[in-house]
Amino acid sequence: MSDPPPILHPGRRDLIKAGLAAGATALLPWDRAHAELPQIARERTMILVWGGREGRWVDWDLWNPYSIGSNHQNGPNLIYEPLAYYSAFADKIQMWLAESYAFAPDFKRLTIKTRPGIAWSDGEPFGAEDVAYTLNTLRDLGPKVRWGVDVQQAVEQAAASDGNTVVIDFKIPAPRFFFFMTYKYDIGVYIVPKHIFEGQDWTTFKHFDLGKNWPVTTGPWQVVEASPQQKVFDRRAAWWATDRKLAPLPAVERNIWLPFAGEQQAAQALITNQLDAGTGMQPATFPTVFRQNPKIITHTGQASPYGYMDWWPISLYVNNERPPFNDKDVRWALSYYIDRQQLIEVGYLGACTASKLPLPPYPPLLPYFDAVKDLLAKYDTNEFAPKKGDGLLAAKGFKKDGDGFWADAQGKRLNVNIIGFGAGGSAIGPILVEMLKRRGVEASMALPPDFDSRFQKGEFDGAIYGHGGSINEPYATMRLYQGASIAVPGAHQANFARWKNVEYDKLVDEAYVTAPDDIKKLGEIWRRAMEIWLPELPDIQLVQNYHRIPWNTTYWKNWPIEENAYVNGAHWHLTFAMVLWSLQPA
């Protein structure tokens, strides 16, 4: 039997050209939906699109980042300033609300000094009490809120010894705890105002009342309007960080965040200068956008891959709690049926790279790739070997039925119903389905509006999603597969594969108490962990994630492009405030 014919590109570029040529003007509300607000000129306004559900903000009134359903990516990332920022591109920590920190030699105590003289936007002082209150409450709430499990694991007690000194005592050595709290990508602890949050139920409290100027903030942005149609932030008159010469007062005077309503609409809005920044786009879209508006750029200018490698390698997750996906041989069989190179050529027009492990090959992580090079040769997570897959399934009792699909002894077909979201799901999901079908696996693909909820609750067979783990050492990625992190709230540092292994869990705990700069010891722990993980293959490695974000230089310049990569540029990440204070009028 000859191999199936190649999967042809489904004419995506032609479809996009036709869609844009049709020229339906994007219906964006920025120029009419805030009539009661002071008018601010377009050239001093930042308009971007991101998130939402079916073209609406469903969390427009959720400004407590710990409340159920809230997401820091949708605006709270501008409101809650961190103790420190970390730019992975610059590999540099910038102290922020904290001016210094120090660990005890045994890493069981951490002392943080907050900067004096900072106030919340309602005039109440910010200080050590807010930090201690945040950590103690997270410890008490544990799995009920995001980061609660991580704080509960380590923190015995946090106490303010004076107005600007926090002393945190740990149950176990916690040498990476300050870095865990630091904002980078989507990871970091949001410090909340004690005088407002105390006595509230964090799982339901919204921290939203424009009449009270809630949410309060220490940052330069005040929420002045929020609705299902848009979120509007105006620049405050003064900002403590400018007074301390840490950052300029942003040149942007108004931020308008619009919910995503489709790639063609966003592309048309960029072409007509109604948007300054879009969400991630398909590679096929960019040439048409560049031709119609030469002011649009990406991290790599107007050249492929139209973006930068994100920290978020993409996998086909399978639910390890559901048969037959709880069998490693079935997981490996599915992996052998996937041709990653064809996936990249068809799904991304070649503008991508395969992922061998659930962490990105950033320079600080390369020693950990080297530490398992021989293991990856033995357990090649990118190998396309359909006959090996056939052998594994046959050995488990699967046989091809009359229609050519694998079925178990009871006649039940091997069926993978895949869910996905966003650009990644639509780009490669249909191709994955076709690849699996051609090898005898019944498969389907859907992009449900409630993807996040279903995925986090384990209500899936297969899912296309990334890994919110490591950027400079392996612990955070190891944590993604620890039994204790199954079903914790939030979209990051959770065990979405729902895989469990007691010996592996012990290695994760060993890594936690090891200093992050002890590369030799961490490398040894990482290797032992991968000796367990690789044969098991808890999720199926696919591709690296690239942030292909279109930026408009009509009104704003100094975006974080390749030649000036001061920070990753995603406006949904916790570090976007660094972009906003760096932008300059064009």
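Keep in mind the model is a prediction, meaning the values are calculated, not measured.

Reading the values: rules and limits
Residues numbered from 1 in each chain as written. Predicted model: local features only at pLDDT ≥ 70, side-chain atom pairs only at ≥ 80, totals over all residues. Heavy atoms only, no water. Helix = DSSP H or I, 4+ residues; strand = E, 2+ residues; numbered from the N terminus. Buried < 20%, exposed > 50% of the residue type's maximum accessible area, 1.4 Å probe, protein only. Contact = heavy atoms within 4.5 Å. Areas by Shrake-Rupley, 256 points an atom, 1.4 Å probe, with all protein chains shown as cover. Lys, Arg positive; Asp, Glu negative; His and termini not counted. Charge placed at Lys NZ, Arg CZ, Asp CG, Glu CD. Pairing = 2+ DSSP bridges. Axes fitted to C-alpha atoms, helices over the stretch in contact; angles between N-to-C directions. 1 Å grid on protein atoms, 1.4 Å probe; cavity = no way out; pocket = protein on both sides within 12 Å on 5 of 7 lines; lining within 4 Å. Points joined across faces, edges and corners; volume = space filled by probe spheres on them. Nonpolar A, V, L, I, M, F, W, Y, C, P; charged D, E, K, R; others polar. Polar contact = N/O pair within 3.5 Å; in protein donor to acceptor, adjacent residues only side chain to side chain.

Draft legend 1. Just the overall build of the chain, in detail. Scanning the chain from N- to C-terminus turns up 20 helices and 23 strands. With respect to the principal axes defined by its C-alpha atoms, the chain has extents near 75 × 60 × 40 Å. For the chain, buried positions account for 59% of its 586 residues. Sequence-distant contacts, at least 24 apart, represent 71% of the contacts inside the chain between residues at least 6 apart. As displayed, the chain offers around 21,900 Å² of accessible surface, 52% of which is attributable to carbon and sulfur atoms. Counting 59 positive and 64 negative side-chain charges, the chain places the averaged centre of each group 2 Å from the other.

Draft legend 2. Seen up close, the sheet that holds strand S18 (residues 462-465). With respect to topology, five strands assemble into an open sheet ordered S17-S16-S18-S13-S19, the strand pairing being mixed. Edge positions in the sheet fall to strand S17 (442-446) and strand S19 (539-543), since each has one partner strand and no second. Each strand axis lies, on average, 25° off the axis of its neighbour in the sheet, ignoring direction. In terms of strand pairing, strand S16 (residues 415-419) meets S17 through five bridges, oriented parallel. The residue of S17 that forms the bridge with Val416 is Ala443. The strands that helix H10 (residues 328-336) touches are strand S13 (314-318), S16 and S19; relative to S19, the one it contacts most, it runs at about 20°.

Draft legend 3. Broad picture of empty space enclosed by the protein. The final tally for this structure, using the stated rule, is two cavities of 30 Å³ or more. Considered as a void within the structure, the largest cavity measures approximately 240 Å³ in volume. Taken together, 18 residues line the largest cavity, and the ones lying closest to its centre are Arg176, Phe180, Tyr475, Ala476 and Gln493. Elements with a contribution of two residues or more to the lining of the largest cavity: helix H4 (148-154), helix H5 (177-181) and helix H17 (475-479). Top contributing element to the lining of the largest cavity by residue count: H5, with three residues. Across the lining of the largest cavity, the residue classes tally to nine nonpolar, five polar and four charged. In this structure, the second largest cavity encloses a volume near 40 Å³. In terms of lining residues, the second largest cavity is bounded by Val145, Arg146, Trp147, Gly148, Val149, Asp150, Val488, Pro489, His492 and Gln493.

Draft legend 4. Molecular detail of the sheet that holds strand S1 (residues 45-49). Spatially, the four strands line up as an open sheet ordered S1-S10-S9-S8, and their pairing is mixed. Here the strands that pair on one side only, and so sit at the sheet edges, are S1 and strand S8 (221-226). The sheet shows a mean angle of 20° between the axes of neighbouring strands, taken without regard to direction.

Draft legend 5. Region of interest: unusual backbone geometry. Note the cis peptide between Trp214 and Pro215, where omega equals 5°. Positionally, Pro215 belongs in the loop between helix H6 (194-197) and S8. A cis amide bond, omega 10°, links Ser304 with the succeeding residue Pro305. With respect to the helices and strands, Pro305 occurs in the loop between strand S11 (296-297) and strand S12 (308-309). Positive phi, normally seen in glycine, also occurs at Tyr306, with a value near 60°.

Draft legend 6. Structural detail: the environment of Ile296. Tracing the backbone through its elements, the reader meets Ile296 in strand S11. Sequence-wise, Ile296 and Asn273 are 23 residues apart; in three dimensions their C-alpha atoms are separated by 9.3 Å. In this structure, Ile296 is in contact with Leu270, Val289, Phe290, Gln302, Pro550, Trp551 and Asn552, ignoring residues within four places of it in sequence.

Draft legend 7. Quick look at H10. Across the nine residues that make up H10, a large majority, eight, are buried. Those residues of H10 lying buried are Asp329, Val330, Arg331, Trp332, Ala333, Leu334, Ser335 and Tyr336. Between the side-chain oxygen of the N-cap and the backbone nitrogen of Asp329 there are 2.8 Å, and the N-cap of H10 in question is Asp327.

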